Amino acid sequence: MDGLAVTFVLLTATVATACGLHAGVYLDAARPWQRYFWPLFWFLWAGLNGVWLGADLFNLYVGLELTSLAAVGLVALGGRAPALRASLRYLLAALLGSLLYLLGVALLYGQFGTLSLADIAALVQGPLPGAGLALLLMVLGLALKTALFPLHGWLPPAHGVAKSPVSALLSALVVKASFYVAARLWLDLGAELGSLALAQAVGAAGATAVMVGSWQAQRQQQLKQVVAWSSIAQIGYLFLLFPLTFEVAAPVSLQAQQGITLQVISHALAKAAMFLAAGNLILAVRSRRVDALSGVSRFLPFSLFSFGLAGVSLMGLPPSGGFAAKWLLLQASLASGQWWWVVVLLLGGLLAAGYVFRIYRASFQEAGDNDDFYHPPRTLEAIPMILALLALGLGLVAAPVLSIMALPFDAVPAVLESVP
């Protein structure tokens, strides 16, 4: 276990606890399907921790499968036709991604005779055709599970139709698990088995995801679809890790890794806050449509404010975690001579501002003096606010967070033992 794994275990504990508390109030206990939520919720949490702590390619596969199957079950909760269609599409995408990943694992095992990622990294001595194909298949399968453009078709229906606490878990944590494995593979094996063409192609797919996801978010008529397409865009930033760490100086690679890790954390906190706040707003107006938000700013400002604070991090404005992440990525892009990623970072921030302010514009439309809205309990409103404030404040404590992530394998137990 290293500092990065500890950071992600703590992140999962924070977000999952918040979503669980929210679900305890948000979900109707009288509905018969509600009894399936908690077993799936705990399986999902266990699967995520299995991914963060795994160091073996097969154990990582088991963790990913447990996470995916629990997530598919959570999307299907309620048993309505749209939820079943979305969960089936999600299941097929997850299975295809797993198949590609397993093919890569089999090729690597046949080549090196071990499934330990550290042992394989030590055995790789230059490009090997079979091993290079294995890395390509595994990255492709994991990109499908992460919903990287153009493999994203399953995500908007699944995240849009799921219950709001489930959508928050999916966007904040589940898609990060497959990206985490892809990043581990790339950082350990990419220098020997990867290529400049593959690194730039993955980066280009990420950049296209930023543009297409942000543009589609501005066109959606339903509030949760806006947030779901925003996830497609924010996922795109993560894949800039590939070009910004390939054949660059070690300090530049470290800067890019730190920027991507901060982006993962800030997006997890902000997107969980945004989905939970969107769920509160949908409860309040009794509609999923954006144009039904008229008058919300006057009578229900708290959840709307949480939505906006989370949006500050997505836009990359200071002092948010999103700003710190994009600042590091911007510096890594310039230092490596890859200026075109700077354009993506700047345009992505402007487009994010467009879909966040679109929600605010709809909310500030006057709809009369009568307060006909349902007012959610304070607990539901407080949880997304706390997550949004954490995302906002992450930029102020970025250095201590990065210092924990940099702890080596054997330093973490010593640190934990020193805690009284």
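Shown above is the structure to which this text applies.
Residues numbered from 1 in each chain as written. Predicted model: local features only at pLDDT ≥ 70, side-chain atom pairs only at ≥ 80, totals over all residues. Heavy atoms only, no water.

Visitor: So, helix α15 (residues 321–335): which residues are in play, and what are the values?
Guide: For α15, built from 15 residues, the straight-helix expectation of 21 Å at 1.5 Å per residue is met to within 8% by its first-to-last C-alpha distance of 21 Å. For α15, the set of buried residues is Gly321, Gly322, Ala324, Ala325, Lys326, Leu328, Leu329, Leu330, Ala332 and Ser333. In the segment just after α15, Gly337 is the residue with positive phi, at about 80°. (Helix = DSSP H or I, 4+ residues; strand = E, 2+ residues; numbered from the N terminus. Expected span 1.5 Å × (residues − 1). Buried < 20%, exposed > 50% of the residue type's maximum accessible area, 1.4 Å probe, protein only.)

Visitor: For the pattern of salt bridges, give the residues involved together with the corresponding values.
Guide: Between side chains of opposite charge, a pair can form when the charged atoms approach closely. Inspection of the entire model under this criterion finds four salt bridges. Its salt-bridge partner being Arg31, residue Asp28 comes within 3.6 Å of it at the nearest N-O pair. Among the residues examined, Asp28 registers a relative accessible area of 37% and is labelled partly exposed. (Salt bridge = Lys/Arg side-chain N within 4 Å of Asp/Glu carboxyl O.)

Visitor: Report on the nonpolar core, specifying residues and quantitative values.
Guide: Counting residues in each nonpolar core, the largest one holds 156 residues, and the members touching the most others are Leu57, Tyr90, Tyr101, Leu108, Trp154, Leu185 and Leu262. Considering every element that reaches this core, the biggest residue donor is helix α12 (residues 250–285), with 20 residues. (Core = buried A, V, L, I, M, F, W, Y, C linked by side-chain atoms within 4.5 Å.)

Visitor: I'd like a rundown of the side chain of Ser230, residues and numbers included.
Guide: Mapped onto the elements of the fold, Ser230 is located in helix α10 (residues 223–238). For Ser230, a relative accessible area of 0% puts it in the buried group. Reaching out from Ser230, the side chain makes a polar contact with the side chain of Tyr355 at a distance of 2.9 Å. (Polar contact = N/O pair within 3.5 Å; in protein donor to acceptor, adjacent residues only side chain to side chain.)

Visitor: Quick one: what's the story with unusual backbone geometry, residue by residue and with numbers?
Guide: The step from Phe149 to Pro150 runs through a cis peptide bond, and the omega angle for that step is 5°. On the secondary structure map, Pro150 appears in the loop between α6 (129–146) and α7 (155–161). A cis amide bond, omega 5°, links Pro318 with the succeeding residue Pro319. Following the sequence through the fold, Pro319 ends up in the loop between α14 (301–315) and α15. Unusually for a residue other than glycine, Ala147 sits at a positive phi of about 70°. Although it is not a glycine, Arg286 adopts a positive phi angle of roughly 60°. As for its placement among the helices and strands, Arg286 is situated in the loop between α12 and α13 (296–299).

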